[in-house]
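Each chain, letter by letter, is given below.
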Amino acid sequence: MTTTERGAAKRSWTAGLRRAGMQALPPERLLPDEQPVYVASWVYVFGVLTIAALVIVIGSGVVLALKGPTWWHVSSVGLFFNSVHVWSVELFFFFMVVHLWAKFFMAAWRGRRALTWVTGAVSFVVSIGAAFTGYLSQQNFASQWIASQAKDGLNSVGIGAFFNVLDFGQMFTWHVVLLPLGIVVLVVAHVLLVRKHGVVPPLPIRSEPATQTTAPVPERDGR
Amino acid sequence: MMVGTFDTILAVGLNGKTYYIHWGWFQISAANLVVIVMMVLVFVLAIVVPFPGRRR
């Protein structure tokens, strides 16, 4: 490769993307083998517990999608996977709410972590939509009842024609494609932002200066 | 027949009567209240229970 060719390669979008990625998330920060001492607390485990529950949700959901409503309503194995799906969703929300409380009370948006907080909050909202469309996709009397109740509320805010809860095909597609995709993208972005900025430290005690609100983890950009 | 199978798999029947708790204008199902109380309990325990290996 000549010098001119090497210069052109450095200006290419792939090289630029690689440089930006390596600068924001070098391997030792993307996959760290140690964490600050304050992370050794049970209150810090609920984020990863939420992700673990999400993995079970998606895994059991893939099986349900492969086999279909008749299978999950009639066969014993289908009922089992249906139960695994719903209970892992329960745990997913349980852990996510505790994670949310923990991060709210330690003001986890400190130290340039606003986007981390926002991606987490939006993930929560999108997850509620995914759970709602999941209830609508059950193909039983409960889903019919929920849909008939929800349509009035959604019509009253003017989105009923666009988001029709009585249309099973539309709700099922939202539930198995669009919303899970949104959640996964948001969760990946959330975790990468946590890696980039470090895990938020606890709030300083009153006797400490108020300026010590950022993580003591050294960062390349000095933040 | 299906209800019986469903109950067996779940171990806890979810097809019974739903219980609600009222405080004046406020109403909540017992199931939702139990979940909220459990979340608060787990949150408090996560703060006060020491993490294994913390003093290493």
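Residues numbered from 1 in each chain as written. Chains lettered and ligands numbered in written order. Predicted model: local features only at pLDDT ≥ 70, side-chain atom pairs only at ≥ 80, totals over all residues.

Q: Describe the domain arrangement of chain A, naming the residues involved and giving the relevant values.
A: You'll often see interface size given as the accessible area lost when the parts meet. All names here are of chain A. As far as domains go, chain A holds domain 1 (42–91) and domain 2 (107–199). The straight-line distance from the C-alpha centre of domain 1 to that of domain 2 is 16 Å. Contact residues are listed per partner, giving nine residues for domain 1 and seven residues for domain 2. The set of elements that each furnish at least two residues to the side of domain 1 that touches domain 2 consists of α4 (46–67) and α5 (69–74). Element by element, the count of residues in the side of domain 1 that touches domain 2 is highest for α4, at five residues. Along the lines of polarity and charge, the residues of the side of domain 1 that touches domain 2 split into seven nonpolar, two polar and no charged. (Domains from an automatic or database assignment. Contact = placed C-beta atoms within 7 Å. Helix = DSSP H or I, 4+ residues; strand = E, 2+ residues; numbered from the N terminus. Nonpolar A, V, L, I, M, F, W, Y, C, P; charged D, E, K, R; others polar.)

Q: Give a description of helix α2 (residues 30–48) of chain B that names residues and reports values.
A: In this model α2 of chain B runs 27 Å from its N-terminal to its C-terminal C-alpha over 19 residues, within 8% of the 27 Å that 1.5 Å per residue would give. Little of α2 of chain B sits inside the fold, with zero of its 19 residues counted as buried. (Expected span 1.5 Å × (residues − 1). Buried ≥ 20, exposed ≤ 12 C-beta atoms within 10 Å, placed from the backbone.)

Q: Residues and numbers for unusual backbone geometry, please.
A: Most peptide bonds take the trans configuration, and most residues that are not glycine carry a negative phi. All names here are of chain A. Although it is not a glycine, Ala107 sits at a positive phi angle of roughly 45 degrees. Along the polypeptide, Ala107 turns up in the loop between α6 (76–105) and α7 (114–136). Not every positive phi belongs to a glycine, and Arg112 is a case in point at roughly 60 degrees. One can find Arg112 in the loop between α6 and α7.

Q: I'd like a rundown of the interface of chain B and chain A, residues and numbers included.
A: At the junction of the two partners, chain B supplies 14 residues and chain A supplies 12 residues. Mapped by element, the contributors of at least two residues to the side of chain B that touches chain A are α1 (2–10) and α2 of chain B. Of the residues forming the side of chain B that touches chain A, the biggest block, six residues, is contributed by α2 of chain B. For the side of chain B that touches chain A, the residue count by class is 11 nonpolar, two polar and one charged.

Q: Break down the pairing of strand β2 (residues 26–29) of chain B for me, citing the residues and quoting the values.
A: Residue and element names in this part refer to chain B. Sheet topology places strand β1 (residues 20–23) next to β2; four bridges connect them, and they run antiparallel. Each residue of the ladder has a partner; that of His22, found in β2, is Gln27. Hairpin geometry of β1 and β2 is characterised by an intervening segment of two residues between the two adjacent antiparallel strands and by a positive phi of about 65 degrees at Gly24. (Pairing = 2+ DSSP bridges.)

Q: Outline the nonpolar core, listing residues and values.
A: All names here are of chain A. Grouped together as the largest cluster of nonpolar side chains are 12 residues: Val43, Tyr44, Phe46, Ala53, Leu54, Val57, Val89, Phe92, Phe95, Met96, Val98 and Ala102. In terms of residue count, the dominant contributor to this core is α6 (six residues). Excluding anything up to four places from it in sequence, Phe92 contacts Thr50, Ala53, Leu54 and Val57. Counting residues in hydrophobic clusters, the runner-up holds eight residues, among them Val165, Met171, Leu179 and Ile183. (Core = buried A, V, L, I, M, F, W, Y, C linked by C-beta atoms within 7 Å.)

Q: So what's going on with the confidence of the model for chain A? Which residues, and what values?
A: With 89% of its residues at a pLDDT of 70 or more, chain A shows a mean pLDDT of 89. Note that residues 218–223 of chain A has pLDDT below 50 and, in this model, two contacts with residues that lie over four places away or in other chains. (pLDDT = per-residue confidence, 0-100.)

Q: Account for the packing of α6 of chain A against α2 of chain B, naming residues and giving values.
A: Axis angle and axis distance: for two packed helices, these are the angle between their axes and the distance between the axes, and together they describe the pair. Axis separation between α6 of chain A and α2 of chain B bottoms out at 10 Å; the angle between their running directions is 50 degrees. Taken together, α6 of chain A and α2 of chain B sit at an angle that is classed as oblique. The way α6 of chain A lies across α2 of chain B gives a crossing that is right-handed. Seen from α6 of chain A, the contacting residues are Phe94, Val97, Val98 and Trp101 of chain A; seen from α2 of chain B, they are Val35, Met39, Val42, Phe43 and Ala46 of chain B. Of the residues belonging to the contact of α6 of chain A with α2 of chain B, the class tally is nine nonpolar, no polar and no charged. (Axes fitted to C-alpha atoms, helices over the stretch in contact; angles between N-to-C directions. Parallel < 35°, antiparallel > 145°, perpendicular 65-115°, else oblique. Left-handed = near helix turned anticlockwise from the far one by under 90°.)

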